[in-house]
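# Structural characterization, general
What follows is each chain in one-letter form.
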Amino acid sequence: MENKKLAIIGATGLVGQTTLKVLAEKKFPNFEYELFASKKSQGKKVKFMEEEYEIQELTKETFNKKFDYAIFVAGGAVSKEYAPIAVQNGTIVIDNSSYFRMNKDVPLIVPEVNAQKIKKHKGIIANPNCSTIQAVVALKPLDDKYKIPRFAIQKTTS
């Protein structure tokens, strides 16, 4: 089986480092990884899955390398600029920023809740923020049983 190529965009940030930890725990077989961040992180060394990786600068030419997938954890401005370039080059983007979350053409996926919608992607897959993910995972069984029509969080002041 041919290896899949995965780019991690924003690998040196807090969310990027957490993403690398999760990927290391999952130990997906047949994947090759490349790690990207801003120019100021270029050349840094990161230990990941028993290997040392050198951080590369994210540029408009990055996706000429033909990645199968890219995980974007670098913020909305980076996703806005570079995710379309990745898609144009045949990469499937999993975006953690808020930039594509409300786009009707981009599926908003929580695997434990609506994984089947992932098939409708057009190159970009978004995920909600971390607190929303936790809430919808908890609410899904209740919705299955009682069909919750709407959910709102009321802010309280102290």
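This report concerns the structure included in the present document. Quick caveat, the model's predicted, so the values are computed rather than measured. (Residues numbered from 1 in each chain as written. Predicted model: local features only at pLDDT ≥ 70, side-chain atom pairs only at ≥ 80, totals over all residues. Heavy atoms only, no water.)

## Observations regarding the pattern of salt bridges
Between side chains of opposite charge, a pair can form when the charged atoms approach closely. All chains considered together, the criterion is met by 5 salt bridges. When the shortest N-O distance is used, the salt bridge between D105 and K104 registers 3.7 Å. By relative accessible area, D105 is classed as partly exposed at 38%. Across the pair K122 and D105 runs a salt bridge whose closest N-O atoms are separated by 3.6 Å. Residue K122 is located in the loop between α3 (111–114) and β8 (124–126), and its partner D105 is located in the loop between β7 (92–95) and α3; the two are separated by 17 residues in the primary sequence. Each member of the salt-bridge network shares a partner with another, and the members are K104, D105 and K122. (Salt bridge = Lys/Arg side-chain N within 4 Å of Asp/Glu carboxyl O. Buried < 20%, exposed > 50% of the residue type's maximum accessible area, 1.4 Å probe, protein only. Helix = DSSP H or I, 4+ residues; strand = E, 2+ residues; numbered from the N terminus.)

## Comments concerning the side chain of N114
Looking at the element boundaries, N114 is found in helix α3. Within the structure, N114 has its side chain in polar contact with the backbone nitrogen of V110 (distance 2.8 Å). Ignoring anything within four residues of it in the chain, the contact list for N114 reads L108 and I109. (Polar contact = N/O pair within 3.5 Å; in protein donor to acceptor, adjacent residues only side chain to side chain. Contact = heavy atoms within 4.5 Å.)

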